[in-house]
Amino acid sequence: MRYVLIIILIVSSAFCDKVDDLFNKGNEAMVAEEYSEAIKIYESILNIGYESSELYYNLGNGYFRLELIGNSIWAYMNALDMAPRDRDVIYNLSIVRMQTIDRIEMPETVIFLKIYRAIKLFFTVYEWFLLGGILLISYSLWYIGVKHGFIRGKASKVISSLLISLVMIIHIIAMDRYLEKHKRKTAVVISNGIDAYSGPFYGNNSLVFQINEGSLVDVLNEQKDWSEVVLVDGKKGWIPSNAIRFAR
């Protein structure tokens, strides 16, 4: 068992060294304004199974420099998913989204839903569950203290109620965040002038609408090289699968 652990540590160390080396080379290419080469290197890091907000952020910058809006939005969205409070990512994503052609204006939602969504997206799924776990442990320790008489007074009941309420609220938000992330298959269109059809093959299917890079879609079904997508305004259609990239 000890030798297995040693082998795992050696392999992990070599993997990290390889990632660091590639990442540094990618950064050097960015500084030298060799954006295509930088993108190639960053994508190779993703292909070996490593990802980080910094990697996606730099990748987004590279795509943006080459005016590849769809891929840039895709990379920034992934960076934001891993680092939802990173101001640089938020700013860059807002800038690149302003350059999309298909900006669908949706009706204003009620203020409560806007606040709730902002709160939900403030932490990652992992952070929400971690916060819920910390509060649950805090409540358990507080309950033990009250039960055994270490903590007394009228305020103890109020604090107990507050803690258990927070535990429930945090876990509800965490579960909502988790389900939204794993049930929805969100993707970004990475090509311009993509025709969406009523069916997954050209044939007798009619043209439903046209979509351009940078647009966000939810993927409902996949069939061979086709994906059925729905836009935020409810329009549905089938487009080639190579025209989109899935968000993490």
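Analysis parameters
- Residues numbered from 1 in each chain as written.
- Predicted model: local features only at pLDDT ≥ 70, side-chain atom pairs only at ≥ 80, totals over all residues.
- Heavy atoms only, no water.
- Helix = DSSP H or I, 4+ residues; strand = E, 2+ residues; numbered from the N terminus.
- Buried < 20%, exposed > 50% of the residue type's maximum accessible area, 1.4 Å probe, protein only.
- Lys, Arg positive; Asp, Glu negative; His and termini not counted.
- Salt bridge = Lys/Arg side-chain N within 4 Å of Asp/Glu carboxyl O.
- Polar contact = N/O pair within 3.5 Å; in protein donor to acceptor, adjacent residues only side chain to side chain.
- Contact = heavy atoms within 4.5 Å.
- Axes fitted to C-alpha atoms, helices over the stretch in contact; angles between N-to-C directions.
- Parallel < 35°, antiparallel > 145°, perpendicular 65-115°, else oblique.
- Left-handed = near helix turned anticlockwise from the far one by under 90°.
- Nonpolar A, V, L, I, M, F, W, Y, C, P; charged D, E, K, R; others polar.
- Expected span 1.5 Å × (residues − 1).
- pLDDT = per-residue confidence, 0-100.
- Core = buried A, V, L, I, M, F, W, Y, C linked by side-chain atoms within 4.5 Å.

Trainee: Requested: an account of the side chain of R177, with residues and values cited.
Mentor: Within the secondary structure layout, R177 lies in helix α8 (residues 154-183). In this structure R177 is buried but unpaired, with D81 as the nearest side chain of opposite charge at 4.1 Å. A distance of 3.1 Å separates a polar side-chain atom of R177 from the backbone oxygen of F123. Ignoring sequence-local partners within four residues, the contact set of R177 consists of D81, K120, L121, F123, T124, V125 and W128.

Trainee: Residues and numbers for the packing of helix α4 (residues 69-82) against helix α5 (residues 87-97), please.
Mentor: Between α4 and α5, the shortest axis-to-axis distance is 9 Å and the interhelical angle comes to 155°. Of the possible angle classes, the one that applies to α4 and α5 is roughly antiparallel. Crossing angle aside, the handedness with which α4 passes α5 is left-handed. Every residue of α5 that contacts α4 at I69, S72, I73, Y76, M77, A79 and L80 is listed here: V89, I90, N92, L93, V96 and R97. Per-class residue counts for the contact of α4 with α5 are 10 nonpolar, 2 polar and 1 charged.

Trainee: Can you lay out helix α7 (residues 125-147) for me, pointing to particular residues and giving the numbers?
Mentor: In this model α7 runs 33 Å from its N-terminal to its C-terminal C-alpha over 23 residues, within 8% of the 33 Å that 1.5 Å per residue would give. Those residues of α7 that sit buried are V125, W128, G132, L135 and G145. Tucked inside the fold, the buried residues of α7 contact α6 (111-120) and α8.

Trainee: I'd love a proper account of the confidence of the model for the chain, names of residues and values included.
Mentor: Scored by pLDDT, the chain has a mean of 89; 91% of the residues are at 70 or more. Highest mean pLDDT in the chain belongs to helix α3 (residues 53-65) (98); lowest belongs to helix α1 (residues 2-31) (72). Across residues 3-11, where pLDDT falls below 50, the model places 0 contacts with residues more than four positions away in sequence or in other chains.

Trainee: Which residues make up unusual backbone geometry, and what are the values?
Mentor: Positive phi, close to 65°, is recorded for E33, a residue that is not glycine. Positive phi outside glycine occurs at E67, with the angle close to 60°. Position of E67 relative to the elements: it lies in the loop between α3 and α4. A relative accessible area of 63% places E67 in the exposed class.

Trainee: Let's hear about the nonpolar core: which residues, and what values?
Mentor: If you look at the biggest cluster of nonpolar residues, it comprises 26 residues, and the most contacted ones within it are Y42, L59, I73 and W74. Contributions of two or more residues to this core are made by α1, α2 (35-47), α3, α4 and α5. Sequence-distant contacts of Y42, that is, excluding residues within four places in its chain, are made with F23, G26, N27, M30, L55, N58 and L59.

Trainee: Could you give an account of α2, naming the residues involved and the relevant values?
Mentor: Compared with the 18 Å implied by 1.5 Å per residue over 13 residues, the 18 Å span of α2 between its first and last C-alpha is a close match. Of the residues flanking the end of α2, it is G49, one or two places downstream, whose phi is positive at about 100°.

Trainee: Tell me about the pattern of salt bridges, and please be specific about residues and values.
Mentor: Once the charged atoms of two side chains with opposite charge are near each other, the side chains can pair. Across all of its chains, the model carries 12 salt bridges by this definition. The residue K120 makes a salt bridge to D176 at a minimum N-O spacing of 3.3 Å. Here the residue K120 occupies a position in helix α6, and D176 occupies one in helix α8, the gap between them amounting to 56 residues. Classification of K120 by relative accessible area gives buried; the value is 5%. Residue class for D176 comes out partly exposed when judged on its relative accessible area of 27%. K120 serves as the salt-bridge partner of E180, at 3.4 Å between the closest nitrogen and oxygen. Residue E180 is found in helix α8, and its partner K120 is found in helix α6; the two are separated by 60 residues along the sequence. It is possible to trace a salt-bridge network through shared partners that takes in R117, K120, D176, E180, R184 and D218.

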